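Structural characterization, general
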Amino acid sequence: MNSRLFNLKSIRPEISSETINDNMSADERFQNLVLRPVIKLQNELLIEVFKNYVVKHKSVFYDLSLQKRMDYIENAIQKDMKFRNSVKGMIIGLFTVEEYLIYIENSSALNKRMMHIVKERLLSNIQLFEKPELLAAV
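Residues numbered from 1 in each chain as written. Predicted model: local features only at pLDDT ≥ 70, side-chain atom pairs only at ≥ 80, totals over all residues. Heavy atoms only, no water.

1. Observations concerning the pattern of salt bridges
Tallied over the entire structure, the rule returns six salt bridges. Linking Glu 130 and Arg 69 is a salt bridge whose minimum nitrogen-to-oxygen distance equals 3.1 Å. One end of the pair, Glu 130, is in the loop between helix H7 (107-124) and helix H8 (132-137); the other, Arg 69, is in helix H4 (residues 66-79), with 61 residues separating them in the sequence. Accessibility expressed as a relative area gives 28% for Glu 130, which makes it partly exposed. (Salt bridge = Lys/Arg side-chain N within 4 Å of Asp/Glu carboxyl O. Helix = DSSP H or I, 4+ residues; strand = E, 2+ residues; numbered from the N terminus. Buried < 20%, exposed > 50% of the residue type's maximum accessible area, 1.4 Å probe, protein only.)

In structure tokens:
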């Protein structure tokens with residue numbers, strides 16, 4: 001086993017709640033074995049990247065209602081290709097070569113799964129996206 005492959009796999013968190021079985025599609029198996037652990041590993045970075053995205057877009061996010069903030073996150077993930085590609089790069093960069101070869105066989109479907117997981121992670125951490133000065137006061 002080469003050192004890059006070993007190192008990448010050794011730093012990934014275990015996701016015990018995900019069961020792997022023979023009835024899974026190849027995409028679902030890839031999602032549970034590769035995408036979920038890599039995205040979980042990158043969670044803190046994804047949060048900071050989104051905070052930076054908000055600031056770069058004139059911080060309008062902070063003035064929105066909760067529902068509008070949720071829509072804003074979904075819109076950033078689904079429609080802002082520059083942001084989306086940046087996030088994809090943060091995840092794909094932690095694939096092994098073998099995983100990348102599997103990924104490119106069905107990248108369109110796997111990208112949808114990847115972006116859905118990232119969106120859910122950002123939404124579940126929405127409380128972290130407050131104005132920086134409000135957090136400093138706490």
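2. Remarks on the side chain of Gln 42
Considering the arrangement of structural elements, one finds Gln 42 in the loop between helix H2 (26-41) and helix H3 (43-56). Residue Gln 42 is classed as buried on the basis of its relative accessible area of 13%. Excluding residues that lie within four positions of it along the chain, Gln 42 makes contacts with Met 90 and Leu 94. (Contact = heavy atoms within 4.5 Å.)

3. Comments concerning the packing of helix H5 (residues 81-92) against H7
Between H5 and H7, whose axes approach to 11 Å, the crossing angle comes to 95°. By the angle between their axes, H5 is roughly perpendicular relative to H7. Counting all contacts with H5, which are made through Arg 84, Val 87, Lys 88, Ile 91 and Ile 92, the residues of H7 involved are Asn 111, Met 114, Met 115 and Val 118. Here the residues of the contact of H5 with H7 sort into six nonpolar, one polar and two charged. (Axes fitted to C-alpha atoms, helices over the stretch in contact; angles between N-to-C directions. Parallel < 35°, antiparallel > 145°, perpendicular 65-115°, else oblique. Nonpolar A, V, L, I, M, F, W, Y, C, P; charged D, E, K, R; others polar.)

4. Some words on the packing of H4 against H5
Across the interface, H4 lies against H5 with an axial gap of 6 Å and an inter-helix angle of 80°. As far as their axial angle goes, H5 and H4 are roughly perpendicular. Contacts between H4 and H5 involve Ala 76, Ile 77, Gln 78 and Lys 79 from the first element and Met 81, Phe 83 and Arg 84 from the second. Each residue belonging to the contact of H4 with H5 can be placed in one class, and the counts come to four nonpolar, one polar and two charged.

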